Amino acid sequence: MAEKGRVCVAGAGGYIASWVVKLLLSKGYIVHGTVRDPGDEKNAHLKKLEKASDNLKFLKADLLQYEALCHAFEGCNGVFQTASPVPPMTVVNPEVELMEPVVKGPFNVLKACAEAKVKRVVVVSSGAAVDMSPRWPERKVKDETFWSDKECCRATKNWYCLSKTEAESVAFEYAKTSGLDVVTVCPTLVLEPIPAVHYKCK
Ligand SMILES: NC(=O)c1ccc[n+]([C@@H]2O[C@H](COP(=O)([O-])OP(=O)(O)OC[C@H]3O[C@@H](n4cnc5c(N)ncnc54)[C@H](OP(=O)(O)O)[C@@H]3O)[C@@H](O)[C@H]2O)c1
């Protein structure tokens, strides 16, 4: 099958990301997968995916390492941004511990995408960025105009909802000011087999 192009999956070893990597490889893409620790056994399942030995390249990058992200995105047409702190979250100082990777991280990803002239960025957001608002009228459909209430998230110490809502704001603001083609998806609960250490992708 002819090479379709290069796509980067940021946070490639994660649950959803592993399925994205598998799908991209199966469709003939060359995949750049960023992980924080390429040597970590928890990422080993990716190497066993079909075509991984030829078409999957591991790159070490934390969301806070801008230069590493730029390097990872070089030559890529598309980037899937899935890397994000996820629950359970035990945070002592959320504004520092969480907001740094959650706000600065996605900003770094988008800026590095613009720098690398990536054509489209898909940000994996969450229903958590939409759902947390006590003021939403009953039965009214939630759409792109509506996001979780950040003050409500803070007051209820719902750091995950807050982090995903902040990340959405960052993504849309950056897309507006830079012209970068950014798409966000807001899944609720994702139920697939876990393609990691104790499981394998079918
Ligand atoms: N699973 C669901 O039901 C669900 C539902 C809605 C939305 N989502 C969203 O989907 C995305 C992926 O979730 P998941 O369930 O696949 O979670 P996951 O398996 O825990 O994957 C999260 C990934 O993010 C990486 N990560 C965390 N902080 C990072 C940082 N500072 N720099 C670089 N990488 C970092 C982790 O890398 P390490 O392995 O190095 O820690 C891990 O690979 C998240 O954005 C989540 O909010 C998930």
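Shown above is the structure to which this text applies.
In this text, all values refer to a predicted model and were calculated from it rather than measured experimentally. (Residues numbered from 1 in each chain as written. Predicted model: local features only at pLDDT ≥ 70, side-chain atom pairs only at ≥ 80, totals over all residues. Heavy atoms only, no water.)

**Considerations on the sheet that holds strand β2 (residues 30–35)**
How we decide: Two strands are said to pair when DSSP picks up at least two bridges between them. Helix numbers and strand numbers start at the N terminus; a helix is a DSSP run of H or I with at least 4 residues, a strand a run of E with at least 2. Only C-alpha atoms enter the line fits that serve as axes; for helices the fit covers just the stretch in contact. Angles between N-to-C directions range over 0 to 180 degrees. A contact between two residues is defined here by any heavy atoms of the two lying within 4.5 Å.
Here 6 strands make up an open sheet; going across it, the order is β3-β2-β1-β4-β5-β6 and the pairing parallel. Each end of this open sheet is capped by a strand with a single partner; those strands are β3 (56–60) and β6 (182–185). Taking the axes of each pair of neighbouring strands and ignoring which way they run, one obtains an average angle of 20 degrees across the sheet. With 4 bridges joining them, strand β1 (residues 6–10) and strand β4 (residues 78–81) adopt parallel strand pairing. The residue of β4 that forms the bridge with Ala10 is Gln81. Seen against the sheet, helix α1 (residues 15–26) touches β1, β2, β3 and β4 and runs at an angle of roughly 170 degrees to β1. Across the face of the sheet, helix α4 (residues 66–73) comes into contact with β1, β2, β3 and β4 while running at roughly 165 degrees to β3.

**Looking at the packing of helix α6 (residues 99–115) against helix α9 (residues 159–178)**
The condition is simple: Each angle gets one of four labels, with under 35 degrees taken as roughly parallel, over 145 as roughly antiparallel, 65 to 115 as roughly perpendicular, and the rest as oblique. Rotating anticlockwise by less than a right angle from the far helix to the near helix defines a left-handed crossing, while the corresponding clockwise rotation defines a right-handed one. Polar here means any residue outside two lists: the nonpolar Ala, Val, Leu, Ile, Met, Phe, Trp, Tyr, Cys and Pro, and the charged Asp, Glu, Lys and Arg; Gly therefore counts as polar.
Following both chains from N to C, one finds α6 and α9 inclined at 25 degrees, their axes separated by 9 Å at the closest point. One finds that α6 runs roughly parallel with respect to α9. Crossing of α6 against α9: the hand is right-handed. Contacts between α6 and α9 involve Met99, Val102, Val103, Pro106, Phe107, Leu110, Lys111 and Ala114 from the first element and Leu162, Ser163, Glu166, Ala167, Val170, Ala171 and Tyr174 from the second. Here the contact of α6 with α9 is composed, by residue class, of 12 nonpolar, 1 polar and 2 charged.

**Remarks on the site of the ligand**
Heads up, the condition is: One heavy atom within 4 Å of a molecule or strand is enough for the residue carrying it to be called near that molecule or strand. Pairs of N or O atoms are called polar contacts if they sit within 3.5 Å, as long as, within protein, a hydrogen donor faces a hydrogen acceptor (for residues adjacent in sequence, only side-chain-to-side-chain pairs). Per-residue and other accessible areas follow the Shrake-Rupley method at a 1.4 Å probe size, with only the shown protein chains counted as cover for residues.
Around the ligand, a shell composed of 23 residues is seen, among which Tyr15, Arg36, Tyr160, Lys164 and Thr188 lie nearest. At 3.4 Å, a side-chain N or O of Asp62 approaches a nitrogen atom of the ligand. Coverage of the ligand by the protein amounts to 83% of the 890 Å² it exposes when considered alone. Those elements giving two or more residues to the shell around the ligand turn out to be α1 and α9. Per-class residue counts for the shell around the ligand are 12 nonpolar, 7 polar and 4 charged.

**A word on unusual backbone geometry**
So the rule is basically this: The classification of residues rests on relative accessible area computed with a 1.4 Å probe and restricted to protein chains. Under 20% of the type maximum is buried, over 50% is exposed, and intermediate values are partly exposed.
Phi at Lys51 is positive, roughly 75 degrees, even though this residue is not glycine. Summarising the element assignment, Lys51 is placed in the loop between α2 (44–47) and α3 (52–55). Relative accessible area serves as the criterion here: at 30%, Lys51 is assigned to the partly exposed category. Despite not being glycine, Arg139 has its phi angle at roughly 75 degrees, a positive value. Relative to the helices and strands, Arg139 is located in the loop between α7 (128–131) and α8 (150–155).

**Considering the pattern of salt bridges**
How we decide: Salt bridges are counted wherever a side-chain nitrogen of Lys or Arg sits within 4 Å of a carboxyl oxygen of Asp or Glu.
Counted by the stated rule, this structure contains 8 salt bridges. Between Arg36 and Asp62 there is a salt bridge, with the nearest N and O atoms lying 3.7 Å from each other. Taken together, the positions of Arg36 in the loop between β2 and α2 and Asp62 in the loop between β3 and α4 put the pair 26 residues apart, joining distant regions of the chain. Residue Arg36 is classed as exposed on the basis of its relative accessible area of 63%. Overall, Asp62 belongs to the partly exposed group, its relative accessible area being 22%. With a shortest N-O distance of 2.7 Å, Asp149 and Arg135 are connected by a salt bridge. Within this pair, whereas Asp149 is found in the loop between α7 and α8, its partner Arg135 is found in the loop between α7 and α8, the two being separated by 14 residues in sequence. Accessibility expressed as a relative area gives 14% for Asp149, which makes it buried.

**Observations concerning the packing of α4 against α6**
At a closest axis distance of 9 Å, the pairing of α4 and α6 adopts a crossing angle of 45 degrees. In terms of orientation, α4 lies oblique with respect to α6. Viewed along their axes, α4 and α6 form a crossing whose handedness is right-handed. Of α6, the residues touching α4 (which contributes Tyr66, Leu69, Cys70 and Phe73) are Asn108, Val109, Lys111, Ala112, Cys113 and Glu115. Classifying every residue of the contact of α4 with α6 gives 7 nonpolar, 1 polar and 2 charged.

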